[in-house]
Amino acid sequence: MEPEEKNPESKYGEPRKFDPTFKGPIYNRGCTDILCCILFILALLGYFAVGILAWSQGDPRKVIYPTDSKGQFCGQVGSPLEKKPLLFYFNIMKCASPLVLLEFQCPTTQICVERCPDKFMTLLKALQNEEDREYYKQFCKEGVDMRKRAPEILKDGLCPSILTPSKNFTRRCLPALETLKGGVVVVGNETTFRDDYAGENINATDLLEASKKSNAVVEARAVAMRIFEDYTQSWHWILLGLVIAMLVSLIFILLLRCLAGVMVWVMIIMVIIVIGYGIFHCYMQYASLKGQAGSDVTIKDLGLQTDFSVYLQIQQTWLAFMIILCIVEAVIILLLIFLRKRLLIAIALIKEASKAIGHVMSSLFYPLLTFALLFLVIAYWAITAVFLSTSSEPVYKVFNTTECMYSRDTCKPETFNSSNVTTECPDAECLFAFYGGETLYHKYLILFQFYNLFLFFWCANFVTALGQVTLAGAFASYYWAFKKPDDIPAYPVFNSLGRALRYHTGSLAFGSLILAIVQVIRVILEYLDQKLKGAQNKCAKFLLSCLKCCFWCLEKCIKFLNRNAYIMVAIYGKNFCTSAKDAFFLLMRNIVRVAVLDKVTDFLLFLGKLLVVGIVGICSFFFFTGKIKIVEDAAPSLNYYWVPILTVVFGAYLIAHGFFSVYAMCVDTLFLCFLEDLERNDGTADRPYFMPERLLSILKKSNEGVKTVD
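Let me sum up the structure you'll find in this document. The shown structure was predicted, so the numbers you read here are calculated from the model rather than taken from an experiment. (Residues numbered from 1 in each chain as written. Predicted model: local features only at pLDDT ≥ 70, side-chain atom pairs only at ≥ 80, totals over all residues. Heavy atoms only, no water.)

## Examining the overall build of the protein
What the protein contains, in helices and strands, is 25 helices and 13 strands. Out of the 710 residues belonging to the protein, those deemed buried represent 46%. Restricting to contacts in the protein with at least 6 residues of sequence separation, those with at least 24 account for 72%. Taken as a whole, the protein presents about 36,700 Å² of accessible surface, with 64% of it coming from carbon and sulfur. (Helix = DSSP H or I, 4+ residues; strand = E, 2+ residues; numbered from the N terminus. Buried < 20%, exposed > 50% of the residue type's maximum accessible area, 1.4 Å probe, protein only. Contact = heavy atoms within 4.5 Å. Areas by Shrake-Rupley, 256 points an atom, 1.4 Å probe, with all protein chains shown as cover.)

Have a look at this one:
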């Protein structure tokens, strides 16, 4: 048993030996993982090729403008339809067909119009006088002769048989329906109206169902358009909120630099107060809705609503918010109680990290470069995805009202009138159906989208890895400087970035590739889960849930290993696999210290992020809801006030994460350097420690009872 006690770490490799020449990050190093570097460069060239191909084939106008039956864009600037931005349906009742949901197209003639009809009118009535004839003509096809008789016009499908009052909804003319008390549906104050040509009465309720079907595909677009409108109204306020979040984060970092111990306790207390206020606000809203008509409706009964503010008018929503915040508050308080002894150790490490950042101030601004690079990656991915999804061609199909053997066959509008289809099926029309294509490019379009997604994950992970290696190299230069700050090399961040790009692009690409593969598999599992939601196979759904859980855990483990591997790459300049092995063995040889310190410091820094997000989120909530009287008039009028609030909150978290990630990387780097310092040195005059004595005394307490390497 004695040999095991002397060297219990032997199965995790030999401890580092004393090296008098070691002075921190090695400068004389060679290129690592060259093969993966070449693969990454080739993948990027392929990515650019896919982007160029998508941009040459795609047409984003298909997303922006509605399309008529000829495949033309309504309201497109510079086209003959520039002054006709709205889409009009000849017979909205046909949109009740199940084909709408199968083919994403209403089987009726659609034309671009300047405005929607605002009154009831039939074709028979319109042909009786000149004024009505001219009004009706704007809702007919181009070149129609209104002097013809109604049966002849309707036979050729040149005009709709009836007009109903309509409103512009996502650039489409949909019936102006209203639901009165008692559930009575009216359109233009009428519950029924008569189609003189068809000789039948049409119920407004039936029209409502047809309108819903026609709108099934564009409902999500309607919400998106409202959200986009809110962004156009509030983007400058959102930008101001993000600037405030950046300033608050920077102030916290600077205060941590000067008053680390005090600020940590301030963060803890403030987080508890902010969440407590959230619980109080939710309770007050819950209590104020008590007794109000309709406030006792459940979220399940309410169903999915596009106007999300409706949910805030029921008690159950605020009760759910209050329960969630209470759970978060309880978890944080319990963690603080159980970790109270370890907090002092973590605070000491944060203090040392504050000193390191104080001597390497340029590290605070490095996240701006990371944000810029990530923005480029996200923008390139999003633009390429849009162009790929709109790089299909218009497909036309035969639509008819009676039985026809050619029904739903593809057709060409240019030659349709001279084909056999019109002879055998006189009422058939060749209408635009959807965007698609049968070329080799269109067949492999889904692979291009998959490649776009995979390269997005790879590039995003590479940018993150580059930031981690750069900061690790800079902070390692600080730690291994015996006389601080005299021995710290000039421009540590810039030098570290240069070493990472010159020597270790392959290693960064290797680690990023492993993580990207796992993330893509998780996306595929999520896609399969959505497909199996309606399935009855319980075994398949259980297996899929287990796989999702396993790959989630795998992703977290890989991120942890990558992070520590990058620190070793930054210090020693070895390849990724060797660095990952060295980091893992070093941590396992000091597993007690890792368990004590690593997650405690992460938890404290997470509380700092929560505090920044909470302060900015509460301020934005009061501003955008008009609850601050001083600036009440300045608050923009919005469809959904939660749109800018959530944007500011999400952006504030990213900004706070960017600034606090510098602290997190600093703590992790100093911690690994500390472990190596304990193995390399013993504190004697010949082998002095590089860490301050105060930090050494506190950190050694975390390993009481565990024999250190002599």
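## Structural notes on the packing of helix α21 (residues 538–572) against helix α22 (residues 576–589)
Running from N to C, α21 and α22 cross one another at 105°; their axes reach a closest spacing of 8 Å. With respect to their mutual orientation, α21 and α22 come out roughly perpendicular. Counted together, F560, L561, N562, N564, A565, Y566, M568 and V569 of α21 and F576, S579, A580, D582, A583, F584, L586 and L587 of α22 form the full contact between these two elements. In terms of residue class, the contact of α21 with α22 is made up of 12 nonpolar, three polar and one charged. (Axes fitted to C-alpha atoms, helices over the stretch in contact; angles between N-to-C directions. Parallel < 35°, antiparallel > 145°, perpendicular 65-115°, else oblique. Nonpolar A, V, L, I, M, F, W, Y, C, P; charged D, E, K, R; others polar.)

## Digging into the state of the cysteines
Under the defined criterion, the tally for this structure stands at three disulfides. Here C140 connects covalently by a disulfide to C159, the sulfurs 2.0 Å from one another. The disulfide joining C140 to C159 has a torsion of about 115° about its S-S bond and is therefore right-handed. Placement of the pair is C140 in the loop between α6 (130–137) and α7 (150–155) and C159 in the loop between α7 and β4 (162–163), with a sequence separation of 19 residues. Comparing C140 with C159, the two get one shared label, buried. Unpaired in this structure, C36 has its nearest cysteine sulfur neighbour in C37, at a distance of 8.1 Å. No disulfide involves C539; its sulfur sits 9.4 Å from that of C546, the nearest cysteine. According to the relative accessible area criterion, C539 is exposed, its value standing at 58%. (Disulfide = S-S within 2.5 Å.)

## Topic: the nonpolar core
Judged by nonpolar contacts, the single largest core of 119 residues is most densely connected at W458 and F660. Take this core: its biggest share by element is 20 residues, from helix α24 (residues 642–680). With sequence-adjacent residues up to four places away left out, W458 is seen in contact with L39, F40, A43, A509, S512, L513 and A516. Of all hydrophobic cores here, the second largest spans 23 residues; its members include L127, Y135, Y136 and L163. (Core = buried A, V, L, I, M, F, W, Y, C linked by side-chain atoms within 4.5 Å.)

## Some thoughts on the packing of aromatic side chains
Where two aromatic rings form a pair, the distance of their centres and the angle of their planes describe that pair. Taken as a whole and assessed by the stated rule, the structure comprises 22 aromatic pairs. Ring geometry for Y479 against W480: centres 5.1 Å apart, planes inclined by 80°, an arrangement best described as edge-to-face. In this structure, Y479 and W480 share a single accessibility class: buried. Note on F621 and F622: the rings are 5.7 Å apart at their centroids and 75° apart in plane angle, and the pair reads as edge-to-face. (Phe/Tyr/Trp six-rings, centres within 6.5 Å; stacked < 30°, edge-to-face > 60°.)

## Some words on the pairing of strand β6 (residues 172–175)
A regular strand carries its side chains on alternate faces of the sheet. By the bridge criterion, two bridges tie strand β1 (residues 86–89) to β6 in an arrangement that is parallel. The residue bridging L87 from the neighbouring strand is R172, located in β6. (Pairing = 2+ DSSP bridges.)

## Considering the pattern of salt bridges
Evaluated as defined, the whole model comprises nine salt bridges. Of the charged contacts, one joins E555 and R522 as a salt bridge, the two residues approaching to 2.5 Å between their closest N and O atoms. With a gap of 33 residues between them, E555 in helix α21 and R522 in helix α20 (residues 505–531) connect regions that are remote in the sequence. For R563, the salt bridge is made with D668, and the minimal N-O distance between the two is 2.5 Å. A residue pair is termed long-range when its members are at least 10 positions apart, and R563 in helix α21 and D668 in helix α24 qualify at 105 residues. Shared partners join several salt bridges into a network, and the residues in it are R522, E555 and K559. (Salt bridge = Lys/Arg side-chain N within 4 Å of Asp/Glu carboxyl O.)

## Overview of the sheet that holds β1
Pairing within the open sheet is mixed, and its four strands lie in the order β2-β1-β6-β5. This sheet does not close on itself; its edge strands, each paired only once, are β2 (110–113) and β5 (166–169). Sheet twist, expressed as the average angle between the axes of neighbouring strands with direction ignored, equals 45°. Sheet analysis places β5 next to β6, joined by four bridges and oriented antiparallel.

## Observations concerning the environment of F457
Structurally, F457 can be placed in helix α18 (residues 445–479). For F457 and V377, which are 80 residues apart along the polypeptide, the C-alpha to C-alpha distance reads 9.2 Å. Setting aside anything within four residues of it in sequence, one finds F457 in contact with A516, Q519, V520 and V523.

## Let's talk about helix α14 (residues 366–389)
An α-helix turns once per 3.6 residues; consequently, residues spaced three or four apart project the same way. Counted at 1.5 Å a residue, the expected span for α14 with its 24 residues is 34 Å, and the 35 Å between its end C-alpha atoms agrees. Buried residues of α14: Y366, P367, T370, V377, Y380, T384, A385, F387 and L388, and no others. (Expected span 1.5 Å × (residues − 1).)

## Digging into α22
The first and last C-alpha atoms of α22 sit 20 Å apart over 14 residues, in line with the 20 Å expected at 1.5 Å per residue. Three or more residues of α22 are buried, namely F576, S579, A580, D582, A583, L586, L587 and R589. Measuring from the side-chain oxygen of the N-cap residue of α22 to the backbone nitrogen of C577 gives 3.3 Å; that N-cap residue is N575. (Polar contact = N/O pair within 3.5 Å; in protein donor to acceptor, adjacent residues only side chain to side chain.)

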